[in-house]
Amino acid sequence: MKPWLVVAWKEIFESLRDRRTLLTSLIIAPLLGPVLFSGMMQFTLAKENKDHEQRVEAGVLGADHAPQLLLWLQAQGLKRVPAPATESLVTAAVRNSQPKIVLVIPADYGEQLSAGKPASVKLYVDTSDSDARRAGERLQRLLAGYAAQTAALRLMARGIDPSIIQPVVTDEIDVSTPASRAQALLGVLSYFLLLSTLVGGMYLAIDATAGERERGSLEPLLALPVSRDALVAGKLLATMVFAAASLLLTLVTFIVALRFVPLESIGMSANLGPLVALQLWLSLLPFVPLAAALLTLIASFARSFREAQSWMTGVLLIPTLPIMLAVVAGLKPTSALMAIPSLSQHFLVSRLLRDEAIPLPEMLLSVGGTLTLAALLSALVVALWRHEKLLG
Amino acid sequence: MIEAEHLAKRFGTVQAVRDVSFTAPDGRITGLLGPNGAGKSTTLRLLYAALQPDSGEARIDGARVSLADAAVRQSLGVLPHGAGLYLHLSARENIRYYGRLHGLRGAPLESRISELLEILELGEVGNRKSQGFSQGQKVKVGIARALVHQPRNLVLDEPTNGLDVMAIRSLRTTLRRLRDAGHCILFSSHVMQEVAALCDEVVIIARGEVVARGTPTALLQAAGTATLEDAFVKAIENAAGSVEGLL
């Protein structure tokens, strides 16, 4: 066996013996992402479902002034909740979300209406609260519906076709497919996958570098008739094996975890079968050597296990930055962007989840860009290890 | 045979090793003696090429040692300060790892490991995780590991640190046995009794320089003192003017 293989084998073997490394790499990392993610999905879906039910909770002040309107609104899904006694208390109450919305109907409402003049009602809502804003908009739509109905009746009473006041009619046609709607939610998935790759290799990388130095086992190792390049190669390989295994386990856990998310209830399919999982793994695989090189490089700088650990907190955030930027700016995959590691994996994952074919140039750019950076960082690790300062 | 020729090494503003020359011949136990901070560990690190000297050169069996040239270290076994074992591996696994890195494998490697465990009286703990080992057991495993490829030269950095009397005695026996088999043994210590009890040759280092060397008897004669300890103090005083802060 070549020395670099001996080193890789020993690092893997030793890590399998170490409960902490094993727990973090092969159990916590593959569980944490999917569980957090499923929780997020449950929450989001529950909210979405609630929003879709056309129920609006609101307090009504002066309901006696508009019994007809109230009957109509309640038939359309308005649920009355206790309202403040007088209008002077309404603003403060709404600010405290007690209740979130108050509809105030003035005493002259009936008078104005029967006179054929615009009858005004007041809608108190705190738009800085997104729940309240959405509910307020819904109540406004109901009120507008009632107004339109009343207007149509008035026109008909005067022998005019109500359609004359509808010069333009909008028909919204939703072209989103179930898979593409789910994608907005599944976008977070790519980050969790990259994260579990990093976390999977993290402890092994620390143990094989900073840990080795701290234990005092690095010195006799360097005194062996084995080139330092071979030592580095073995340690990188072992880190890659753990990172790739963690990624694979995470994908498997995701498939299982998403079974428990009621995606069907909103007519979405998560589209995450074993075949897609395999494709995801393959498209994320080039990130594995990059993760290993990054982790080993940072851990090689650290003087102790603890120091390396604190550095890693920062390292785990690095792959999120390009993804966050892309999501916020709504970036679409271009050839320049596909060369950026982590971002390109995010795009590939998104495409796979949307059931889209991946153009070959995009794939090549992603693999090429990621492996180039991995090679660059690996070269830095090798240079660092060739230096005598390595012993600290 | 291990040779040091005018070795010098500086870390920033600290001149850790100024000028160290000596020869540790085959079939002899050579002790590198000096107060803490005298440059013993740095000298050893220069000898097994963990560090590159600023000037001078180190040779193993006549071949020049360098950081980049791994092959020269083939005839060298090293026990660094504190043994440095992998705690999740057993004694046998620790030794096996180094054997494999030396290109050994299969049955010859396994029988060599068994032989070493027996010589070092580690038979009972061979398959136990090193985590629970006593300091003495750790040092022994470290020595077995350093010897797995039957190197001609053995370098040990303060091997008796933290050992109890029994462990020290058995370590001495082991080292004498190796010497009698023709190995070159170089070890560092800041404990006089250690060196007096074991060494054929003594090299005294202070402030990065060799201040005296020779057999224990020759050192006593040269210094005109009754004990090696007095000779040691005198040698350092002569070299540095004062030993305050060094001892």
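Let us now look at the overall build of chain A. Looking only at helices and strands, one finds 16 helices and four strands in chain A. In terms of overall dimensions, chain A is more spread out than a globule: its C-alpha atoms have a radius of gyration of 30 Å, far above the 21 Å expected for 392 residues. Seen through its principal axes, chain A has C-alpha atoms that stretch 105 × 45 × 35 Å. Burial status across chain A gives 47% buried among its 392 residues. Here the analysis covers contacts within chain A between residues at least 6 apart in sequence; of these, 73% occur between residues at least 24 apart. For chain A, the computed accessible surface area is about 19,500 Å², with 64% contributed by carbon and sulfur atoms. Looking at charge distribution, chain A has the averaged site of its 33 positive side-chain charges lying 4 Å from that of its 30 negative ones.

This part covers the interface of chain A and chain B. A common measure of how large an interface is: the accessible area buried when the components associate. Contact with chain A, which involves 28 residues of that partner, is made by 29 residues of chain B. Buried area between chain A and chain B, both sides added, is near 2,700 Å², and the carbon and sulfur share of it is 59%. The largest per-residue losses of area from chain A upon contact with chain B belong to Arg17(A), Pro225(A) and Glu388(A), which jointly make up 23% of the total buried on that side. Scanning the region where chain A abuts chain B turns up three salt bridges.

Before going further, it helps to examine the packing of helix H15 (residues 343-353) of chain A against helix H16 (residues 360-386) of chain A. All names here are of chain A. It is the contact of H15 with H16, at a shortest axis distance of 9 Å, that shows an interaxial angle of 145°. Between H15 and H16 lies a crossing of left-handed hand. Residues Ser344, Gln345, Leu348 and Arg351 of H15 form the contact with H16, whose participating residues are Glu362, Met363, Ser366 and Thr370. The class makeup of the residues in the contact of H15 with H16 is two nonpolar, four polar and two charged.

It is worth spelling out the domain arrangement of chain A at this point. Once the domains are mapped, chain A shows domain 1 (3-47 + 178-391) and domain 2 (54-165). The centre of domain 1 of chain A, based on its C-alpha atoms, is set 54 Å off from the matching centre of domain 2 of chain A.

Cut-offs and rules
- Throughout, a residue's number is its position along its own chain's written sequence, starting from 1.
- Labels are handed out in written order, letters beginning with A for the chains and numbers beginning with 1 for the ligands.
- Residues qualify for local features only when their pLDDT is at least 70, as the model is predicted, and side-chain atom pairs are given and counted only at 80 or more; totals for whole chains, interfaces and linings, by contrast, use all residues.
- The side-chain quantities take in all heavy atoms of the structure and omit both hydrogens and water.
- The secondary structure listing takes helices from DSSP runs of H or I that are at least 4 residues long and strands from runs of E that are at least 2 residues long, numbered from the N terminus.
- The atom set for the radius of gyration is the C-alpha atoms, and the globule formula is 2.2 Å times the number of residues raised to the power 0.38.
- Relative accessibility under 20% of the residue-type maximum defines a buried residue, over 50% an exposed one, and the middle range a partly exposed one, all with a 1.4 Å probe and only protein chains included.
- Any two residues having at least one pair of non-hydrogen atoms within 4.5 Å are treated as being in contact.
- Only the protein chains shown count as cover for residues, and all accessible areas are computed by the Shrake-Rupley method using a 1.4 Å probe.
- Under this rule, positive means Lys or Arg and negative means Asp or Glu; His and the chain ends count for nothing.
- Taken as the charge location is NZ of Lys, CZ of Arg, CG of Asp or CD of Glu.
- Buried area is calculated as the accessible area (1.4 Å probe) missing from two parts once they are joined, with the contributions of both summed.
- Each reported salt bridge corresponds to a side-chain nitrogen of Lys or Arg within 4 Å of a carboxyl oxygen of Asp or Glu.
- Note on geometry: axes are lines fitted to C-alpha atoms, helical ones only across the stretch in contact, with angles between N-to-C directions running from 0 to 180 degrees.
- Each crossing is labelled by how the near helix is turned from the far one, with a counterclockwise turn of less than a right angle marking it left-handed and a clockwise turn marking it right-handed.
- For this classification, the nonpolar set comprises Ala, Val, Leu, Ile, Met, Phe, Trp, Tyr, Cys and Pro, the charged set comprises Asp, Glu, Lys and Arg, and every other residue, Gly included, is treated as polar.
- Domain start and stop positions are those given by an automatic or database domain assignment.

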